[in-house]
Amino acid sequence: MLVLLLGACSEAGSTGVPEPVPSSEPSTEPPPTPAVPVADPDHAVDPPGERDGRLWSADVLVQWDQPLDDALVEEIEALDGVAHTERIGLGQLSLENRVLTVASVDPGAYRHFTRAEVADFQEAWDRVAGGELAIDRAVARRLADDDGMIRLGNDDDAPTLHVGAYTPQIPTIDMVVNTAWAEDIEMATDNGLLISTDDITPATIRKPLERLVGEDVSVQMLDVASRIGLDPDARLTAIPTGGTLGSVVGTYRYRVVGGGRIAPDPAWVAANIRTEVVPILGSVTCHRDLFPQLRAALLEVQQRGLADEIDPGEYAGCYYPRFIADTTTLSNHSFGLALDLNVPGNLRGTVGEIDRDVVAIFKTWGFAWGGDWRFTDPMHFELSEVKAVG
């Protein structure tokens, strides 16, 4: 099954649409049309109606770090080989140490770039318009709670959305919301462009497109990404959303260099990554904005007589620019905003042996703990809130 709709409320049936009440009186009236489910009226857009128009292949994805310029879009549309375009918003969310891409879209227009069986599944797009989330099933399985809710961000006040449909996604995009959510997620609605080259090989437009948009813009060939996970020739961009991560990281550009490793923009590394000495652990390499809170947390651990609960020999690092093992997904370690402590006794999927008083201290100083996640990672601590350190 390619798509599955999830109930939006407890009184609804399995599709989230209230079931009709049986009647003993015969009726000559046609059956009522099921109401369009609106899970969140405050974050709803107009329902898209039935699909109208042809489908387009999703061949190229372009991401800027600012809203699109109308004149530039017109130049792109005039390139030989460009058959159709669609503007979308793109941002990256840190969810349980996975940096995932969310697209904010017009459901009625965006659906024309999805697979035919997805594009024609009407209720899925009605649910996105009604404020719910469409997401790949494998991604949702890791992140959704028992009520089908996912919090989009690691800040305490990050918005929580209901998963309305499991649907296969366009390559490199993990989840889709409507544009009414963009402000709450602190992401753009107009910094991405989907391009269809129709029956022309996408690679034929790569060089003229890159010359047009400039070297700081991410241009991905999605036909390549669909086969191997990422376009290895692309200069990739992550624009973390949300208060803490977005304000600390800014725009993060990188290239894939093989073996699971990435090469971040040297200018970003020079501006943000430092090696400094901290209590208990000694010399560590992290994002510069992590150090004040890391020092404060470790100093409190030390002052409360808990220093022996952290083994410097079992520290597994903070900044390492690479993908999560066996994936093409970034983690907060790529930004130098996470650290792994006491690794041998705190492996993924376990409750972990790390001292809970140490955990509480780190939480006090603005760190999220991987032991709280649905799929636990008790060695992992990451910056979730910027705090003033006096």
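Before any of the text, the structure's been laid out above.
Visitor: How should the sheet that holds strand 18 (residues 380–383) be read in this particular structure?
Guide: The strands that make up a sheet are held in pairs by hydrogen bonds between backbone atoms, and each pair lies either parallel or antiparallel. On the basis of which strands lie adjacent, the open sheet formed by three strands has the order 16-18-17 and antiparallel pairing. Since the sheet does not close on itself, it has two edges, and those belong to strand 16 (338–340) and strand 17 (367–369), each with one partner. Sheet twist, expressed as the mean angle between neighbouring strand axes with direction ignored, is 25 degrees. With three bridges joining them, strand 16 and strand 18 adopt antiparallel strand pairing.

Visitor: What should I look at first to understand helix 11 (residues 291–303) in this one?
Guide: The α-helix advances 3.6 residues per turn, and as a result positions three or four apart in sequence lie on the same side. Between its first and last C-alpha, helix 11 extends 18 Å over 13 residues, near the 18 Å set by a 1.5 Å rise per residue. Three or more residues of helix 11 are buried, namely Phe 291, Gln 293, Leu 294, Ala 296, Ala 297, Leu 298 and Val 301. Buried residues along helix 11 sit in contact with strand 14 (273–278), strand 15 (282–287), strand 16, helix 12 (356–364), strand 17 and strand 18. Two residues or fewer past helix 11, Gly 305 is found with a positive phi of approximately 75 degrees.

Visitor: Could you clarify how one ought to interpret the nonpolar core in this entry?
Guide: Ranked by size, the top nonpolar core spans 43 residues in total, and within it Tyr 252, Leu 294, Ile 310, Phe 362 and Phe 381 carry the most contacts. Among the elements that line this core, the one with the most residues is helix 11, at five residues. Look past the residues within four positions of Tyr 252 in its chain and what remains in contact with it is Leu 236, Thr 237, Ala 238, Ile 262, Pro 264, Trp 268, Pro 321, Leu 330, Ser 334 and Phe 335.

Visitor: Can you help me understand the side chain of Thr 167 in this one?
Guide: Checked against the element boundaries, Thr 167 lands in the loop between strand 7 (160–166) and strand 8 (175–178). On the accessibility criterion, Thr 167 (5% relative accessible area) is buried. At 2.7 Å, the side chain of Thr 167 and the side chain of Gln 169 are in polar contact.

Visitor: Is there a simple way to explain the packing of aromatic side chains in this structure?
Guide: We describe a pair of aromatic rings using the distance from one ring centre to the other and the angle between the two ring planes. Scanning all chains against the criterion turns up seven aromatic pairs. Between the aromatic rings of Phe 362 and Phe 367, the centroid separation amounts to 5.2 Å while the plane-to-plane angle is 70 degrees, which identifies the pairing as edge-to-face. Plain terms: the ring middles of Phe 362 and Phe 381 are 4.7 Å apart, the flat faces sit at 40 degrees to each other, and that makes the pair tilted. In this pair, Phe 362 is assigned in helix 12 and Phe 381 in strand 18, connecting sequence segments 19 residues apart. We classify Phe 381 as buried; its relative accessible area is 0%. The structure contains a cluster of three or more aromatic residues connected by ring pairs, namely Tyr 252, Tyr 254, Trp 268, Phe 323 and Phe 335. Here the basic side chain of Arg 54 rests over the ring of Trp 56, its NZ or CZ set 3.8 Å away from the ring centre.

Visitor: Any chance you could explain the sheet that holds strand 13 (residues 261–264) here in plain terms?
Guide: Reading across the sheet, the three strands line up as 11-12-13 and stay open at both edges, with antiparallel pairing between neighbours. Each edge of the open sheet is held by one strand with a lone partner, namely strand 11 (236–238) and strand 13. Strand after strand, the sheet turns through a mean of 40 degrees between neighbouring axes, direction not considered. Where strand 11 meets strand 12 (residues 252–258), three bridges bridge the pair, whose relative direction is antiparallel.

Parameters at a glance
- Residues numbered from 1 in each chain as written.
- Predicted model: local features only at pLDDT ≥ 70, side-chain atom pairs only at ≥ 80, totals over all residues.
- Heavy atoms only, no water.
- Pairing = 2+ DSSP bridges.
- Helix = DSSP H or I, 4+ residues; strand = E, 2+ residues; numbered from the N terminus.
- Axes fitted to C-alpha atoms, helices over the stretch in contact; angles between N-to-C directions.
- Expected span 1.5 Å × (residues − 1).
- Buried < 20%, exposed > 50% of the residue type's maximum accessible area, 1.4 Å probe, protein only.
- Contact = heavy atoms within 4.5 Å.
- Core = buried A, V, L, I, M, F, W, Y, C linked by side-chain atoms within 4.5 Å.
- Polar contact = N/O pair within 3.5 Å; in protein donor to acceptor, adjacent residues only side chain to side chain.
- Phe/Tyr/Trp six-rings, centres within 6.5 Å; stacked < 30°, edge-to-face > 60°.
- Lys NZ or Arg CZ within 6 Å of the ring centre and 35° of its normal.

Nothing here speaks to function; it is all geometry.
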